[in-house]
Amino acid sequence: MAKRILVAGGSGFLGSHLCEALLEQGNEVICVDNLYTGSKSNIYHLLDDHRFEFIRHDVTFPLYIECDEIYNLACPASPVHYQRDPVQTVKTCVHGAINLLGLAKRLKAKILQASTSEVYGDPAIHPQVEEYWGNVNPIGVRSCYDEGKRCAETLFSCYNMQCNLATKIVRIFNTYGPRMQPDDGRVVSNFIMQALHDRDITIFGDGKQTRSFCFVSDLIRGLIRMMATGPECTGPVNLGNPGEFTMLELAELVIELTNSNSKIIFCPLPQDDPKQRRPDISKAEELLNWRPTIPLREGLQKTIEFFASNCK
Ligand code: NAD
Ligand code: UDP
């Protein structure tokens with residue numbers, strides 16, 4: 001049956017793909033976003049659909065609307081963006097979660113939190129399982145995001161225990177694809193833009209640090225499957241692609257796929273940059289029957305096509 005679904009952060013990279021997928025399933029979608037890092041251009045194509053509504057609103061302030069389900073994706077996600085105004089990042093994570101959880105409580109609505117692999121910090125356990133509590137610096141440059149997201153997880157579990165609210169937490173590992181912002185500083189968008197313009201490819205550190213990259217369509221399928229679970233399935237559940245690559249491997253692959261003349265250069269490693277990341281996705285496989293299907297090479301090709309035709 002069609003539902004009315006609120007997507008907070010709906011005009012961002014992941015949010016816009018989620019709004020699209022939910023509309024395709026026949027739902028009504030209310031996209032709430034303050035356009036801090038999102039863009040109207042991500043949702044222009046949805047504005048003519050009478051089942052889609054955009055509300056410009058900052059989730060750090062209360063919101064009064066009616067809906068059946070809530071996805072909370074509102075938060076800047078790239079280190080460059082979330083470090084620009086760290087106080088606002090914490091407020092968005094914490095006050096945003098409190099406001100949306102309060103809304104869910106009044107409506108008895110299911111609510112899903114887009115958490116992150118950053119809750120594991122610089123992990124001492126590899127690959128990362130949900131039971132691992134993480135290794136996070138509480139006062140470093142990444143802490144506004146990492147600790148903000150950890151506190152949001154705490155709030156979700158408190159509302160579940162105390163108010164019996166149907167809460168769900170997914171921990172998203174690095175996700176990429178069309179509609180990433182060209183200048184958001186994330187590694188995939190940086191390398192593709194640099195390669196397309198034959199500029200130097202900037203590897204931070206020695207390039208041996210690893211990440212696992214999930215294509216956006218795989219991730220969105222996982223979010224929707226998680227929301228469809230019963231109230232007993234609260235998570236946290238890791239969502240990501242277990243394929244693990246060094247940044248050097250990523251740079252070489254991007255150069256090959258773009259046929260670029262770019263050279264690789266090495267730049268200083270940012271503070272507290274995690275050395276390795278790979279999700280253990282056994283829980284997602286078992287509880288959601290979910291696994292990613294798009295390998296890095298194929299996902300990068302689609303992403304490069306998007307950047308080549310949209311970001312001159
Ligand atoms: P994004 O920056 O493109 O999207 C975030 C959206 O939230 C933007 O549209 C932004 O304008 C909006 N927003 C920010 N602060 C807000 C506020 N106070 N009120 C209302 N809206 C606000 O980033 P994304 O990659 O689409 O990430 C979406 C969510 O997924 C984030 O919560 C992020 O932490 C999480 N996540 C993403 C990744 C990834 O690799 N993309 C990985 C882990 C977690
Ligand atoms: N990185 C890099 N060059 C860049 C941008 C990022 O080598 O131009 C590295 C960064 O230091 C990190 C990895 O790529 O080790 C992933 O960075 P990103 O900001 O995309 O995500 P996160 O660190 O949050 O996983």
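For the structure itself, look to the data block above.
Residues numbered from 1 in each chain as written. Chains lettered and ligands numbered in written order. Predicted model: local features only at pLDDT ≥ 70, side-chain atom pairs only at ≥ 80, totals over all residues. Heavy atoms only, no water.

Enquirer: Talk me through the nonpolar core; I want residue IDs and the actual numbers.
Expert: Formed by 60 residues in total, the largest nonpolar core has its most connected members in Leu18, Tyr71, Leu223, Leu250 and Leu300. If sequence neighbours within four positions are ignored, Tyr71 has contacts with Ile5, Leu6, Val7, Ala8, Leu18, Leu22, Leu112, Leu223, Ile224 and Met227. Core analysis: the second largest hydrophobic core is formed by 30 residues, Ile30, Cys75, Ala104 and Tyr159 among them. (Core = buried A, V, L, I, M, F, W, Y, C linked by side-chain atoms within 4.5 Å. Buried < 20%, exposed > 50% of the residue type's maximum accessible area, 1.4 Å probe, protein only. Contact = heavy atoms within 4.5 Å.)

Enquirer: Which residues make up the site of ligand 2, and what are the values?
Expert: With respect to spatial proximity, 18 residues lie near ligand 2, and among them Val187, Asn190, Thr202, Arg211 and Asp273 are the closest. Between Asn190 and ligand 2, the recorded distance is 2.8 Å, taken from a side-chain N or O atom to an oxygen atom. Here Gln209 contributes a side-chain N or O atom positioned 3.0 Å from an oxygen atom of ligand 2. Alone, ligand 2 offers 510 Å² of accessible surface; in the complex the protein occludes 95% of this. Tallied by class, the residues present in the shell around ligand 2 amount to seven nonpolar, five polar and six charged. (Near = heavy atom within 4 Å. Polar contact = N/O pair within 3.5 Å; in protein donor to acceptor, adjacent residues only side chain to side chain. Areas by Shrake-Rupley, 256 points an atom, 1.4 Å probe, with all protein chains shown as cover. Nonpolar A, V, L, I, M, F, W, Y, C, P; charged D, E, K, R; others polar.)

Enquirer: Explain the environment of Asn164 residue by residue, including any values.
Expert: In this fold, Asn164 is placed in the loop between α4 (143-163) and β6 (167-172). Owing to a relative accessible area of 69%, Asn164 belongs among the exposed residues under this scheme. Here the alpha-carbon distance between Asn164 and Phe266, two residues 102 residues apart in the chain, equals 50 Å. (Helix = DSSP H or I, 4+ residues; strand = E, 2+ residues; numbered from the N terminus.)

Enquirer: Provide a residue-level description of the site of ligand 1, including the pertinent values.
Expert: Near ligand 1 there are 30 residues, and of these Leu14, Asp33, Thr37, Tyr145 and Thr175 occur at the shortest range. The separation between an oxygen atom of ligand 1 and a polar side-chain atom of Asp33 is 2.5 Å. Between Val59 and ligand 1, the recorded distance is 2.9 Å, taken from a backbone N or O atom to a nitrogen atom. With the chains in place, 97% of the 820 Å² that ligand 1 exposes on its own is no longer accessible. Counting only elements with at least two residues in the shell around ligand 1, the list comes to α1 (13-24), α3 (86-107), β5 (110-116) and α4. Sort the elements by how many residues they give to the shell around ligand 1 and β5 lands first, with three residues. When grouped by side-chain class, the residues that make up the shell around ligand 1 number 13 nonpolar, 13 polar and four charged.

Enquirer: Pulling in residues and values, what's your account of helix α9 (residues 296-310)?
Expert: With 15 residues, α9 extends 21 Å between its outermost C-alpha atoms, agreeing within 8% with the 21 Å of an ideal straight helix rising 1.5 Å per residue. Along α9, the residues classified as buried are Leu296, Gly299, Leu300, Thr303, Ile304, Phe306 and Phe307. What you see down the axis of α9 is that its buried residues fit within an arc of 160°, all on one side. In this structure, α9 carries Glu305 and Ser309 as exposed residues pointing more than 90 degrees from its buried face. Contacts made by the buried residues of α9 are with β7 (175-176), α5 (187-196), β10 (214-215), β12 (244-246) and α7 (247-258). (Expected span 1.5 Å × (residues − 1). Arc of directions from axis to C-beta.)

From the geometry alone we can't say anything about function, so treat these as descriptive.
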